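One letter stands for each residue in the lines below.
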Amino acid sequence: MKTSWKQLVRRPIALGSVVVLVVLYLAMTFCEFLAPYDPNHLFQDYSELPPNLSWYSSELGFGPQVQSMSLLNEVTRQYARVKGEYTQVRLLATGDKTPMWGFLPLSVHLFGTDFGHDSSPKAQPVFLLGTDSLGRDILSRVLYGSRISLTIGFVGVFLSLFLALLFGGLAGYFGGVWDWIIMRLCEFIILIPGLYLILFLRSLLSDHMDSGQSYMLITVILSFVGWPSTARMIRGMVHAYKRQDFVANARLESMPTLAILFRHIVPQMSSILILSVTLGVPGFILGETVLSYLGLGIVDPAVSWGSMINRDATSVSSMVHFPWLFAPGFFLLAVTLAFNFLGEWLRDMADPNWKPAARRPRVKR
Amino acid sequence: MSNASSVVPALEVKDLRVTFSAGETAIQAVRGISFSVFRGEAVGIVGESGSGKSVTAWAAAGLLGNDATLEGTVLVDGVDLAGLDAEARRSLRGPKVAMIFQEPSRSFDPIMTLEKTFLETFRAHKPQTTKEEARRRAVSLLEEVHIADAEARLGSFPHQFSGGMLQRVMIALSLANDPEILLCDEPTTALDVTIQAQILGLLRELQLRRGLSLVFISHDLETVAEVSDRILVFYGGLIMEEGPKSSLLSDPRHPYTKALWDSRVKRGSHYSADALVLIGGQPPDPQIPEPGCPFAPRCSRVAGQCRTTLPGLTVVPGGRKRRCWFPLEGP
Amino acid sequence: MTVMLFVLGLGVFGLMALAPGDIVDNYVRSQMLTMTDFRSNDNALDSSQIREAKHRLGLDLPFYEQYFRWLHRVFLDHDLGRSLISKAPVLFLVATRMINSITLNLISLVFLTLASFSLGIWLSSKAGTKLDLAAAFISLFFNAFPGILLLLLLQMFASVTGLFPVTAYPTENFDGNAIGFGFSYLYHIFLPLLGAFIGGLGGSLRLIRATMLDQLGQPYVTALRSRGIEEGRILFHHAFRNTMNPFITGSSNLLADLFGGSLILEIVFSYPGIGRLMYEAVLQKDINLVMTNIMFVSALLLIGMVLSDLALALVDPRVRYGKA
């Protein structure tokens, strides 16, 4: 599969997808800096606030700023804008203390306001995406949550891929009894619809786990459900490749089997594997989101997009009144679409014969 | 030699050019081909892959797709294909022009029995054909192509036949609507040598019996020679040489023709001391056409303007034509 | 097929044996709280009581023995046990919910098949045109669109506009008014069905279109054209019928996908199907129910696979007759 930068630039959708993914993953890496607030910072006076960024006011002119809101109704959480009170939004503002990657001390963020500084008592915090029912900044939560949601995808996919390569490769290479056993195993796992199997496995495990354990657990469960289909495909390919000369040569040199598998056969399949990974990641991300949405994955206060949807977006009435709570859903959509479009483009590159817009002989003129 | 009797050729191609567009690239597969096939005549077309021989045949049958742009004229029995709409062209395929193809085992709908396939073929042009009539005619066609037990085999599926038998069936199907012209695009290339000989014999027999105008395409000159009265040599989308079979082979004027004939595998060569004569180099890439004669990079006689200027097709006595700056002069 | 189910059951029980200890303990504890002779004044249960309860429930036996006892109970005594929480017989729960889910998924399957067949054929006849490219993009988009998001959005739409109900179970009663029930049912499942349809159509359509295009590029199509067979006949009678084999093979999991997708659907829209039953069972740690659910769903899918094998033989004579 020969891909080149030029070819990527030619296809705007694929290029857009790569850009979106790069931006999101970078944002995830530097979320401590990019997010204005700590995700667990409770702004008690500002719960269920809509996004409050505005760009113009007569007081401060053009520029990002926040208008003060005051609470009208405790029950319906209706807010009213306070005339004439604006806070400027600054770049590189000092805010919550959030150690970068857990250990580098950091309290400067990409943007913020003077809220909380004693020098500006009337300053308001800026919530680009509003707040949730506990008064936590949605944008910050989405950014921190992306750490779990986005990485589970990759960790899961690689674990699944490893298992698939191991089992599929051994099955294809050795054939015979091992092949039969492993294939039957795969068929069993594939037989049960994914979500049911995931729920079942989840039910076997205890309810009370901290977020680190949950993370590992979800990854393991998702990988367990995901590896068989890839394994079958790999096994077929290994079956075909092992008859080729370069494998016979390696055998003659007394290379150990696993080495043959991983150093010779696997590189042959690299384009298919890359494709499999690209198209698999969104599935895993979705899997975690669904699990968390069902309350069986990451739970509050640990943040992931799924847990945010679970917390805020399950009640239809709250969705209707506070639609910004659905923000993690849109991020999820962006990531899923981006991976799928990218995978589609990679598939086009790998196998031009597969092109959907294929030539077809037809009477001309 | 040729039984050409009527003035209007069965098939006439005038300055045909075919360009395929794939995205931004345009490939000119056929660069100006002109020839005629008279009634009852067997014309052979020989050339390497990419020489434009198949594309010419497909153009003659009106089978090219939307990505192909045709210039020039194709006349079937005097009628210009360009002036016909899609439906009119469709009605020509079968009753006037028929075609057989290279891979018989892939040229059948796998889920239809022979009987149904024949019925469909008849009904495509005579919708009122009854099943009994179709059976009768199918059996007689299958017998014509020497398929034993024809009646019983009508109920079989394509995957139950061997390649050679399927080719016979394909020939039978192509004759179902009594065409005047039969185009054969490498029909024996995918078959065993012994079967090849049988099919070639069959084609010759059918051509003579039915008075067909046969166009036989192959990359193998010997095969072409067995079936044809007259031979056209294609290279790089152009005709390099044309002439009656015997004089073309005994006295080739174009270096390519001579090289082709010399490079054939002769009987007994397995045990002989003679080395295989090969034509060095690669066939031209249609995406990067040579400015001069397409054969120049591989020609042993290349000189002077060969590389810069394309020679024209010159008519030579004896019904011969050749396109070369430095042709071989015969005895 | 029965062998597979049998081994599957063994696997399920085996997995349960692998479960970390406190699950079983919790289960036993909750069981014990409902069993009268274990009630004690302070509700504290010591380990010997737990051990005795385990023994009573047969939970201290190796898993294969437990499995055989279960099988014995199921097939000979026709007793699938009771749900831990609702105390209702498992069979009743599973059967009713199963029927609901099957109905929903069958309707979904029918619409999906019809739509993807007709659209797929039509689009393949327009291959390479702008319309075709747009359709390819749209199908990719909807295929990639997370199902759960789509369902949530639809639900929001229902709530905001009030055009459709937010939950999926009809309000009419079946006994009183069958037709009214029918209409109410359709009205209520319309939105969730739409969600499942849009999500599934993308994938199906792409498969059919790709297979059709593949067929149309085959030599036999050219041969047919060369004999003057009409394009329409080639499209429907030849290309499409040959698409059936790869389609059936490629989507033998279609039913499985639908069931998996309907799980979320049932939860979001509160539809009383087997998916939601499974979810509730898992939430409440109702082991009996969970296990039976899994077995039933798997059995159903195995049946689906057998059916699709049959369909394959029907559709493709090569499968019927084999090579000569």
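Residue indices follow the written sequence of each chain, beginning from 1 at its first position. Labels are handed out in written order, letters beginning with A for the chains and numbers beginning with 1 for the ligands. In view of the model being predicted, local features appear only for residues whose pLDDT reaches at least 70, and side-chain atom pairs are presented and counted only at 80 or more, with totals across whole chains, interfaces and linings using the full set of residues.

### A word on the overall build of chain C
- Secondary structure elements follow DSSP: runs of H or I no shorter than four residues count as helices, runs of E no shorter than two count as strands, and numbering proceeds from the N terminus. Along the backbone of chain C there are 14 helices and 0 strands.
- Going from the N terminus to the C terminus, chain C shows its helices and strands as α-α-α-α-α-α-α-α-α-α-α-α-α-α.
- By sequence separation, contacts in chain C at least 24 residues apart represent 70% of the contacts at least 6 residues apart. Working definition of a contact: two residues with C-beta atoms, positioned from the backbone, lying within 7 Å.

### A word on the overall build of chain A
- Assigned secondary structure in chain A consists of 13 helices and 5 strands.
- For chain A, the C-alpha atoms occupy an extent of roughly 80 × 65 × 45 Å along the three principal directions.
- Of the contacts made within chain A by residues no fewer than 6 positions apart, 65% connect residues no fewer than 24 positions apart.

### Details of the packing of helix H2 (residues 12-29) of chain A against helix H4 (residues 138-174) of chain A
Residue and element names in this part refer to chain A.
- Comment: axis = line fitted to C-alpha atoms, over the contacting stretch for helices; angle = value between 0 and 180 degrees taken between N-to-C directions. Two numbers describe how H2 lies on H4: the axes approach to 8 Å, and their chain directions differ by 110 degrees. The angle between H2 and H4 places the two elements in the roughly perpendicular class. Note on packing geometry: the crossing formed by H2 with H4 is left-handed. Every residue of H4 that contacts H2 at Leu-24, Tyr-25, Ala-27 and Met-28 is listed here: Leu-143, Ser-146, Arg-147 and Leu-150.
- Here the residues of the contact of H2 with H4 sort into 6 nonpolar, 1 polar and 1 charged. These descriptions rest on fixed angle ranges, namely under 35 degrees for roughly parallel, over 145 for roughly antiparallel, 65 to 115 for roughly perpendicular, and the rest for oblique. Two helices crossing with the near one rotated counterclockwise from the far one by less than a right angle form a left-handed crossing, whereas a clockwise rotation gives a right-handed crossing. Three categories are distinguished: nonpolar for Ala, Val, Leu, Ile, Met, Phe, Trp, Tyr, Cys and Pro, charged for Asp, Glu, Lys and Arg, and polar for the others, with Gly belonging to the last.

### Description of the environment of Ile138(C)
All names here are of chain C.
- Examined against the element boundaries, Ile-138 turns out to sit in helix H6 (residues 130-144).
- Residue class for Ile-138 comes out partly exposed when judged on the 13 C-beta atoms lying within 10 Å of it.
- It is 34 Å that separates the C-alpha atoms of Ile-138 and Arg-97, two residues lying 41 residues apart in sequence. Here a residue counts as buried when 20 or more other C-beta atoms sit within 10 Å of its C-beta, as exposed when there are 12 or fewer, and as partly exposed otherwise, the C-beta atoms being derived from the backbone.

### Describing the sheet that holds strand S12 (residues 320-322) of chain B
Residue and element names in this part refer to chain B.
- Strand pairing is assigned whenever DSSP detects at least two bridges linking the two strands. Reading across from one edge, S6-S7-S8-S3-S9-S10-S12-S11 is the order of the 8 strands in this open sheet, with mixed pairing throughout. The outermost strands of the open sheet, each flanked by one partner alone, are strand S6 (97-100) and strand S11 (314-316). Sheet twist, expressed as the mean angle between neighbouring strand axes with direction ignored, is 20 degrees.
- Of the strand pairs in this sheet, strand S3 (residues 42-46) and strand S9 (residues 230-235) are connected by 4 bridges, and their pairing is parallel. Of the residues in S9, the one forming a bridge with Ile-45 is Leu-232.
- Taken strand by strand, helix H1 (residues 53-61) contacts S3, S6, strand S7 (181-185), strand S8 (213-218) and S9, and its axis lies near 150 degrees from that of S7.

### Here's the deal with the interface of chain C and chain A
- If you look at the interface, chain C gives 48 residues, while chain A gives 34 residues.
- When contributions to the side of chain C that touches chain A are tallied by element, the ones reaching two or more residues are helix H1 (2-18), helix H2 (21-34), H6, helix H7 (147-161), helix H8 (178-216), helix H11 (254-268), helix H12 (274-283) and helix H13 (287-315) of chain C.
- In terms of residue class, the side of chain C that touches chain A is built from 36 nonpolar, 8 polar and 4 charged.

### Regarding the pairing of S7(B)
All names here are of chain B.
- With 5 of 5 residues buried, S7 is to be regarded as a mostly interior element.
- Residues Ile-181, Leu-183 and Asp-185 point to one face of S7 and Leu-182 and Cys-184 to the other, with burial holding for every one of them.
- Bridge count for S6 against S7 is 4 bridges, and the pairing is parallel. Counted as the bridge partner of Ala-98 is Leu-182 from S7.
- For S7 and S8, the ladder comprises 5 bridges, and the chain directions are parallel.

### Some thoughts on the sheet that holds strand S2 (residues 61-73) of chain A
Residue and element names in this part refer to chain A.
- Across the sheet, which stays open at both edges, the 3 strands sit in the order S1-S2-S3 with antiparallel pairing between neighbours. In the strand order of this sheet, the two ends are held by strand S1 (53-57) and strand S3 (78-88), each with one partner. Looking at each pair of strands side by side, their axes are set apart by 50 degrees on average, direction ignored.
- Inspection of the sheet shows S2 paired to S3 by 7 bridges, in the antiparallel sense. The partner of Val-66 across the bridge, within S3, is Thr-87.

### Details of the environment of Phe216(B)
All names here are of chain B.
- As for its placement among the helices and strands, Phe-216 is situated in strand S8.
- When the C-alpha atoms of Phe-216 and Met-165 are compared, they prove to be 19 Å apart, with 51 residues separating the residues in sequence.
- Excluding residues that lie within four positions of it along the chain, Phe-216 makes contacts with Ala-42, Gly-44, Cys-184, Val-224, Val-227 and Ser-228.

### Observations regarding the nonpolar core
- Here, a nonpolar core denotes buried Ala, Val, Leu, Ile, Met, Phe, Trp, Tyr and Cys residues that are linked to one another through C-beta atoms within 7 Å. The biggest cluster of nonpolar side chains holds 128 residues, and the ones touching the most others in it are Tyr196(A), Met278(C) and Val290(C).
- Take this core: its biggest share by element is 16 residues, from H4(A).
- Setting aside residues no more than four positions away along its own chain, Val290(C) makes contact with Phe200(A), Ser203(A), Met278(C), Ala281(C) and Val282(C).
- Counting 107 residues, the second-largest nonpolar core is a separate cluster that includes Val30(B), Ala172(B), Leu183(B) and Ala210(C).

### Some points on the packing of H4(A) against helix H5 (residues 176-191) of chain A
All names here are of chain A.
- Running from N to C, H4 and H5 cross one another at 145 degrees; their axes reach a closest spacing of 7 Å. Seen from above, H4 lies across H5 with left-handed handedness. Contacts between H4 and H5 involve Phe-167, Leu-170, Ala-171 and Phe-174 from the former and Gly-176, Trp-178, Asp-179, Ile-182 and Met-183 from the latter.
- For the contact of H4 with H5, the residue count by class is 7 nonpolar, 1 polar and 1 charged.

### Things to note about helix H7 (residues 193-210) of chain B
All names here are of chain B.
- Given the number of residues in a helix, its expected span is that number minus one, multiplied by 1.5 Å. With 18 residues, H7 should cover 26 Å at 1.5 Å per step; its first-to-last C-alpha distance of 26 Å lies within 8% of that length.
- Gln-196, Ile-199, Leu-200, Leu-203 and Gln-207 are the residues of H7 that are buried. Down the axis of H7, the buried side of the element spans an arc of 100 degrees, and every buried residue falls inside it. For H7, the exposed residues lying more than 90 degrees away from the buried face are Thr-194 and Arg-209.
- Contacts made by the buried residues of H7 are with S3, helix H6 (163-174), S7, S8 and helix H8 (221-227).
- Taken from the residues just after H7, Gly-211 is the one with a positive phi, measuring 65 degrees. By definition, the arc is the one covered by directions from the helix axis to the C-beta atoms.

### Focus: H7(C)
- Under the 1.5 Å per step criterion, the end-to-end length of H7(C) is 21 Å for 15 residues, consistent within 8% with the ideal 21 Å.
- Those residues of H7(C) not exposed but buried are Gly147(C), Ile148(C), Leu149(C), Leu150(C), Leu151(C), Leu152(C), Leu154(C) and Gln155(C).

### Points about unusual backbone geometry
Residue and element names in this part refer to chain B.
- Here Asp-77, not a glycine, exhibits a phi torsion of approximately 55 degrees, which is positive.
- Note that Asp-77 resides in the loop between strand S4 (68-76) and strand S5 (79-80).
- Of note, Asp-178 is a non-glycine position whose phi angle comes to about 50 degrees, a positive value.
- For Asp-178, the position within the fold is in the loop between H6 and S7.

### Quick look at the confidence of the model for chain A
All names here are of chain A.
- Residue-level pLDDT values for chain A average 79, and 93% of them are 70 or greater.
- Confidence of the prediction at every residue is given by pLDDT, a number between 0 and 100. The least confident element of chain A, judged by mean pLDDT, is helix H9 (residues 257-268) at 73; the most confident is H2 at 88.
- Confidence drops under a pLDDT of 50 for residues 353-365, and excluding neighbours within four residues, the segment shows 35 contacts in the predicted structure.

### Some words on the confidence of the model for chain C
Residue and element names in this part refer to chain C.
- Here chain C shows a mean pLDDT of 77. Residues at 70 or above account for 76%.
- Within chain C, the lowest mean pLDDT, 60, falls on H2, and the highest, 92, falls on helix H9 (residues 219-226).
- Complex prediction metrics read pTM 0.79 and ipTM 0.86.

### Thoughts on the environment of Gln196(B)
All names here are of chain B.
- In this structure, Gln-196 sits in helix H7.
- Taking the number of C-beta atoms within 10 Å as the measure of exposure, Gln-196 has 20 and is therefore buried.
- Taking the C-alpha atoms as reference points, Gln-196 and Thr-223, separated by 27 residues in sequence, lie 8.7 Å from one another.
- When sequence neighbours within four positions are dropped, the list of residues in contact with Gln-196 reads Thr-188, Leu-191 and Thr-223.

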